[in-house]
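Take a look at the letters that make up each chain.
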Amino acid sequence: RKEVEQDPGPFNVPEGATVAFNCTYSNSASQSFFWYRQDCRKEPKLLMSVYSSGNEDGRFTAQLNRASQYISLLIRDSKLSDSATYLCVVNRNAGNMLTFGGGTRLMVKP
Amino acid sequence: ETGVTQTPRHLVMGMTNKKSLKCEQHLGHNAMYWYKQSAKKPLELMFVYNFKEQTENNSVPSRFSPECPNSSHLFLHLHTLQPEDSALYLCASSQDDIRHSPLHFGNGTRLTVT
């Protein structure tokens, strides 16, 4: 089983739609969780951290379910500029080793 | 100046060549990383340096040799590579505690081994 698993997509949605991605992780000792965004042929950039109580940043909401070992990202009112690959990232120990999922590709259409 | 700068952007090398990738960060971070991104595969961590000391080597073959002369510079020396080593090599930096400091990536070096 992969350490961090994501549905690769692509998710094709119209502008204004709400879309949700899930991510599962295998190591129950994982401590920190993040969503990164990677545009085509660009480097990944942090979108948001994921906190145990869930957190929101504008149109983006992240949730963590430790019991089921999954993380979710909800995007409301999708924009064309949201088209990208969304990477689920987990820090599995106290060191600086981040494990990346394979990414979920989102395409927002007019 | 951009935060994390990598050179060259593109590199084509033969299997017998020796080349080096360079990374420089202007963010005052004390941790630096090399990641490999192959087509249709997740980003793979290769090496981590904290305060110039290598703290992680993620079972990387010895044909990849990192060097961190100071907290701002990181090199990846390449020799006798294989075609399957063709990939995008990304450098990143962060403060020493990854839980509170995101990774800042460079633009990457796209490497082709012929």
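These figures come from a predicted structure and were not determined experimentally. (Residues numbered from 1 in each chain as written. Chains lettered and ligands numbered in written order. Predicted model: local features only at pLDDT ≥ 70, side-chain atom pairs only at ≥ 80, totals over all residues. Heavy atoms only, no water.)

A look at the overall build of chain A
Helix and strand content of chain A: 0 helices and 11 strands. Ordered by position in the sequence, the α and β elements of chain A form the string β-β-β-β-β-β-β-β-β-β-β. Taken over the C-alpha trace, chain A has a radius of gyration of 13 Å; the compact-globule value for 110 residues is 13 Å, and the two agree within 12%. Taking the principal axes of the C-alpha coordinates as reference, chain A spans close to 40 × 30 × 20 Å. Counting every position in chain A, which comprises 110 residues, the buried fraction comes to 45%. The contacts of chain A with a sequence gap of at least 6 include a subset with a gap of at least 24, amounting to 57%. As presented, chain A carries roughly 5300 Å² of accessible surface, and 48% of it is formed by carbon and sulfur atoms. In chain A, which carries 13 positive and 10 negative side-chain charges, the distance between the mean positions of the two groups comes to 4 Å. (Helix = DSSP H or I, 4+ residues; strand = E, 2+ residues; numbered from the N terminus. Rg over C-alpha atoms; globule rule 2.2 N^0.38 Å. Buried < 20%, exposed > 50% of the residue type's maximum accessible area, 1.4 Å probe, protein only. Contact = heavy atoms within 4.5 Å. Areas by Shrake-Rupley, 256 points an atom, 1.4 Å probe, with all protein chains shown as cover. Lys, Arg positive; Asp, Glu negative; His and termini not counted. Charge placed at Lys NZ, Arg CZ, Asp CG, Glu CD.)

With respect to the sheet that holds strand E8 (residues 70–75) of chain A
All names here are of chain A. If you trace the 5 strands from one edge of the open sheet to the other, you get E1-E3-E8-E7-E6, paired in antiparallel fashion. Edge strands, defined here as strands with exactly one partner in the open sheet, are strand E1 (4–6) and strand E6 (55–57). Recorded for the sheet is a direction-independent mean angle of 20° between the axes of neighbouring strands. The pairing of E1 with strand E3 (residues 19–25) spans 3 bridges and is classified as antiparallel. (Pairing = 2+ DSSP bridges. Axes fitted to C-alpha atoms, helices over the stretch in contact; angles between N-to-C directions.)

Description of the interface of chain A and chain B
Each partner contributes residues to the interface: chain A has 18 residues there, and chain B has 23 residues. For the pair chain A and chain B, the summed buried area comes to about 1700 Å², and 56% of that belongs to carbon and sulfur atoms. For the pair chain A and chain B, the interface holds 0 salt bridges. At the junction of chain A and chain B, the tally comes to 2 residue pairs in polar contact (both at pLDDT 80 or more). Those elements that place two or more of their residues in the side of chain A that touches chain B are strand E4 (32–38), strand E5 (44–50), strand E9 (84–91) and strand E10 (98–100) of chain A. Classifying every residue of the side of chain A that touches chain B by side-chain character gives 8 nonpolar, 8 polar and 2 charged. (Buried area = accessible area lost by both parts, 1.4 Å probe. Salt bridge = Lys/Arg side-chain N within 4 Å of Asp/Glu carboxyl O. Polar contact = N/O pair within 3.5 Å; in protein donor to acceptor, adjacent residues only side chain to side chain. Nonpolar A, V, L, I, M, F, W, Y, C, P; charged D, E, K, R; others polar.)

Things to note about the side chain of Ser72 of chain A
Considering the arrangement of structural elements, one finds Ser72 of chain A in strand E8. Beyond its immediate chain neighbours, meaning those up to four positions away, Ser72 of chain A contacts Phe21, Asn22, Trp35, Thr61, Ala62 and Gln63 of chain A.

Quick word on the nonpolar core
By size, the foremost hydrophobic cluster in this structure holds 23 residues, and its most contacted members are Phe21, Trp35, Ile71, Leu73, Ile75, Tyr86 and Leu106 of chain A. Elements represented by at least two residues in this core include exactly E3, E4, E5, strand E7 (60–65), E8, E9 and strand E11 (104–109) of chain A. Leave out the neighbours within four places in its chain, and Ile71 of chain A touches Phe21, Asn22, Cys23, Tyr25, Phe33, Trp35, Val50, Gln63, Leu64, Cys88 and Val90 of chain A. Of all hydrophobic cores here, the second largest spans 22 residues; its members include Leu74, Leu76, Tyr89 and Val113 of chain B. (Core = buried A, V, L, I, M, F, W, Y, C linked by side-chain atoms within 4.5 Å.)

Overview of the confidence of the model for chain B
Residues with a pLDDT of 70 or more make up 97% of chain B, whose mean pLDDT is 91. In the model of chain B, strand E6 (residues 53–57) of chain B stands out as the element of lowest mean pLDDT, 78, in contrast to strand E3 (residues 18–25) of chain B, which has the highest, 97. (pLDDT = per-residue confidence, 0-100.)

Here we look at the environment of Cys23 of chain B
Residue and element names in this part refer to chain B. With respect to the secondary-structure elements, Cys23 resides in strand E3. Looking at Cys23, the relative accessible area reads 0%, which means it is buried. C-alpha separation for the pair Cys23 and Gly108, spaced 85 residues apart in sequence, amounts to 9.0 Å. Dropping the residues within four chain positions of it, Cys23 is found in contact with Val4, Thr5, Gln6, Met32, Trp34, Ser72, His73, Leu74 and Cys91.

Topic: the environment of Arg76 of chain A
Residues and elements named next belong to chain A. Along the polypeptide, Arg76 turns up in the loop between E8 and E9. With a relative accessible area of 27%, Arg76 lands in the partly exposed category. The sequence separation of Arg76 and Thr61 amounts to 15 residues, and the corresponding C-alpha distance is 8.4 Å. Discounting residues that sit within four places of it in the chain, Arg76 has contacts with Ala17, Thr18, Glu56, Gly58, Arg59, Phe60 and Thr61. A distance of 2.9 Å separates a polar atom in the side chain of Arg76 from the backbone oxygen of Gly58.

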